[in-house]
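Here are the chains, one letter per residue:
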Amino acid sequence: MSTLAQATPAAADDNPLRQVKARNGEKVIKALLATAAAVSVATTFGIVISLLVPSITFFSEISITEFLFTTTWTPLFANPQYGVLPLIAGTFVITIIAISVAIPLGLGSAVYLSEFASSKVRRTVKPVLEVLEGVPTVVYGFFALEFMTQLILRPIFPGIQVFNALSAGLVMGIMIIPTVASLAEDAMSAVPGGLRDGAYALGATKRQTALRVVIPAALSGIVAAFVLGISRAIGETMVVTVAAGLMPNLTLNPFEGMQTMTSYIAAAASGDVSTGSIEYQSIFAVGLLLFVITFAMNALSIRLVRKYRQTYQ
Amino acid sequence: MKQMRDSEAAKQSSSDMSTTGRMDVAASLGSHGREIPETISNVVFGLDNVQVFYGDFQAVRDVSMQIGRNEITAFIGPSGCGKSTLLRSFNRMNDLIPGARVAGSLTYHGYDVYAPNVDPIEVRRRIGMVFQKPNVFPKSIYENVAYGPKVNKMKVNMDDLVEECLTRAALWDEVKDDLKKSAYALSGGQQQRLVIARCIAVKPDVILMDEPCASLDPIATAKVEDLMQELANDYTIVIVTHNMQQAARVSDRTAFFTADVDSAGVRHGRLVEYGPTRSIFTAPNDPRTEDYISGRFG
Ligand SMILES: Nc1ncnc2c1ncn2[C@@H]1O[C@H](COP(=O)(O)OP(=O)(O)OP(=O)(O)O)[C@@H](O)[C@H]1O
Ligand SMILES: [Mg+2]
């Protein structure tokens with residue numbers, strides 16, 4: 001027999017734990033936030049659908065194999081051909097040039113700012129970087145065309161074309177440095193000071209601490225910064241439209257002009273293609289390809305980040 | 001007025017100590033069964049009027065004391081009295097804080113730690129440090145221990161060294177099959193012992209410990225305390241602790257610090273009393289020491 005008194009449920013209104021306040025404000029906030037989240041999800045779906053529908057019509061005329069694996073892109077010719085490889089090559093070459101500038105310089109500035117610079121330098125340089133991120137990209141385009149090509153590249157490589165991939169790639173790289181630097185710096189600043197103290201207390205130098213403790217600890221954030229930089233390079237439109245020329249060109253030679261996927265979309269969309277025509281639909285097909293590539297990049301980066309994630313306590 | 005008298009008293013008691021005055025001259029017994037003479041014959045650190053500043057703020061004023069070789073010295077005192085600040089000035093960790101500055105004379109085996117030609121990196125390699133929060137690196141257990149020898153380009157058999165240090169840190173048996181695992185997978189107590197293993201891997205001769213057990217449970221604390229006793233045979237250890245029992249249990253000598261408030265209302269840390277742990281805990285000279293260790297103050 002239990003000697004413990006059974007708790008008798010009290011009448012509903014003297015329960016001291018009963019809910020008294022309605023807390024409606026909380027519900028409103030929750031609803032607003034949910035709406036905000038829903039809008040961005042819905043927009044993404046909208047984009048996918050608006051890319052998919054014209055693309056499906058496009059691919060009913062042009063086979064996916066022809067689109068992906070043939071080498072001539074001449075949608076506006078009398079006898080149009082839709083082999084997207086020249087655009088992929090242009091995007092690829094310019095992106096590689098851009099990230100070979102942006103990743104080393106961006107990471108270098110981030111390491112300098114987070115580990116070596118005095119807090120005064122950091123406080124001045126960080127906002128400047130963030131302002132640079134906001135310079136309109138068309139400005140960089142003219143900088144590439146007028147300054148980079150004419151004043152720097154021409155004297156060194158006399159044979160370079162007026163519109164060329166090299167100047168567009170280099171300037172795009174410079175343009176992306178602040179993004180990479182700022183994000184990588186955030187990741188490194190978030191590494192707990194205790195880890196640095198631990199390294200210094202073992203007799204490590206600043207360089208050894210930065211390279212062997214801070215960077216590994218911040219790796220997931222740094223990889224994310226790189227991926228964002230690469231995505232920006234792939235998606236960048238104005239610099240290439242202005243400085244790389246608009247000639248689809250299946251080559252890896254950076255001294256020649258090229259067209260990228262983005263600059264094709266910009267040029268075709270602002271030209272006089274008639275709505276519903278196959279040229280018109282090709283814009284969406286290229287857009288869809290761009291979307292798939294960027295999406296794959298981001299998915300890859302999420303996997304990389306998960307793999308290398310270092311959690312702090 | 002009271003303030004004045006207290007600081008006079010403090011001066012009085014520290015001069016008493018340096019001349020081995022009226023304190024119990026008979027040797028005190030540290031907890032690991034060694035004779036602790038009143039005076040220190042083998043001096044590792046000599047502090048003469050050491051003052052530490054953060055910018056204009058003087059966090060520690062006029063500390064004069066000596067730290068004896070192969071002894072465990074405990075720093076106790078209320079929060080904010082400058083124990084960590086003073087400890088970090090021993091291996092020049094304060095250099096890393098912008099604006100921090102040390103005045104007075106601080107010698108290590110007779111050499112001025114702050115002389116212009118001294119390399120702080122060399123100082124830190126010889127004087128290791130263990131922190132309150134176990135700051136293991138986001139690397140494998142093995143790489144944590146190997147990090148110091150690698151950055152110091154020590155020519156050693158790394159596998160042997162890792163095993164030796166983990167064994168000395170009483171961790172080997174628990175981790176020997178998981179050396180490649182992330183150090184983050186260890187418990188807090190194991191992490192702290194890993195940090196100690198990492199610290200001794202660069203073969204320092206002093207280990208500074210700033211509240212090494214503050215985030216550990218009693219069992220892990222007991223393990224780290226045992227380890228300290230064991231390490232004291234080969235190393236000189238200075239430990240900051242808020243745990244009076246810990247100071248009494250493990251240390252040979254105890255220094256009690258407190259913070260004085262100056263006329264402008266700013267708190268400055270100062271050394272009140274320093275001596276063999278047994279004397280400090282059984283017959284303190286200064287009433288503030290007695291109040292603190294008996295829990296009436298701080
Ligand atoms: N990096 C810093 N910059 C400026 N002031 C500091 C810094 N670190 C500590 N101080 C100040 O110096 C004084 C002493 O601090 P310290 O951390 O040495 O005290 P403590 O005795 O170790 O305290 P606790 O027992 O809480 O760890 C405090 O007033 C503190 O605010
Ligand atoms: Mg402290």
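Scroll up for the structure.
The sections below set out a description of the structure shown in this document.

## Examining the pairing of strand β10 (residues 236-240) of chain B
All names here are of chain B.
Right, on to step 1. In terms of burial, β10 is a largely internal element, five of the five residues being buried.
Right, on to step 2. Neither face of β10 is exposed, since Thr236, Val238 and Val240 on one face and Ile237 and Ile239 on the opposite face are all buried.
Right, on to step 3. As defined by bridge partners, strand β9 (residues 206-210) adjoins β10 across five bridges and the pair is classed as parallel. Residue Met209 lies in a different strand from β10, and its bridge partner there is Ile239.
Right, on to step 4. You can see the chain leave β9, run along helix α8 (residues 218-231) and come back into β10, and the turn it takes is right-handed.

## Here's the deal with the site of ligand 1
Residue and element names in this part refer to chain B.
Right, on to step 1. Near ligand 1, the surroundings consist of 13 residues, among which Ser79, Lys83, Ser84, Thr85 and His242 are the closest.
Right, on to step 2. Contact between ligand 1 and Ser79: an oxygen atom at 2.4 Å from a side-chain N or O atom of the residue.
Right, on to step 3. A distance of 2.7 Å separates an oxygen atom of ligand 1 from a polar atom in the side chain of Lys83.
Right, on to step 4. For ligand 1, whose free accessible area comes to 620 Å², the fraction covered by protein is 63%.
Right, on to step 5. Looking at the shell around ligand 1, the elements with two or more residues in it are β4 (57-68) and α2 (83-90).
Right, on to step 6. The class makeup of the residues in the shell around ligand 1 is five nonpolar, six polar and two charged.

## Description of the interface of chain B and chain A
Right, on to step 1. Listed as interface residues are 28 residues of chain B and, on the opposing side, 21 residues of chain A.
Right, on to step 2. Area buried by chain B at its contact with chain A is led by B:Pro138, B:Tyr147 and B:Tyr184, which between them contribute 28% of it.
Right, on to step 3. Summed over the shared surface of chain B and chain A, the number is one salt bridge.
Right, on to step 4. When the shortest N-O distance is used, the salt bridge between B:Arg88 and A:Asp197 registers 3.5 Å.

Analysis parameters
- All residue numbers refer to positions counted from 1 along the written sequence of the respective chain.
- Lettering for chains starts from A, numbering for ligands starts from 1, and both go in the order in which the items are written.
- This being a predicted model, a pLDDT of at least 70 is required before a residue's local features are given, and a value of 80 or more before pairs of side-chain atoms are given or counted; all residues contribute to the totals for chains, interfaces and linings.
- Calculated side-chain values reflect all of the structure's heavy atoms, with hydrogen atoms and water omitted.
- Accessibility here uses a 1.4 Å probe with only protein chains present; expressed as a share of the type maximum, an area under 20% marks a residue as buried, one over 50% as exposed, and anything in between as partly exposed.
- The secondary structure listing takes helices from DSSP runs of H or I that are at least 4 residues long and strands from runs of E that are at least 2 residues long, numbered from the N terminus.
- Any two strands between which DSSP finds at least two bridges are classified as paired.
- Assignment of crossover handedness uses the view with strands pointing away from the viewer, where a clockwise path from the first strand over the helix to the second indicates a right-handed crossover.
- By convention in this text, a residue qualifies as near a molecule or strand provided that one of its non-hydrogen atoms is within 4 Å of it.
- Here a polar contact is taken to be a pair of N or O atoms separated by no more than 3.5 Å, where protein atoms must pair a possible hydrogen donor with a possible acceptor and residues adjacent in sequence count only if both atoms sit in side chains.
- Shrake-Rupley sampling with a 1.4 Å probe provides the accessible areas, and residues are treated as covered by the protein chains on show and by no other component.
- For this classification, Asp, Glu, Lys and Arg are treated as charged, while Ala, Val, Leu, Ile, Met, Phe, Trp, Tyr, Cys and Pro are nonpolar and the rest, including Gly, are polar.
- In this description, contact between two residues means that some pair of their heavy atoms is separated by no more than 4.5 Å.
- Values labelled buried area give the accessible surface lost by two parts on being combined, using a 1.4 Å probe and summing over both.
- Salt-bridge detection follows one rule: a side-chain nitrogen of Lys or Arg within 4 Å of a carboxyl oxygen of Asp or Glu.

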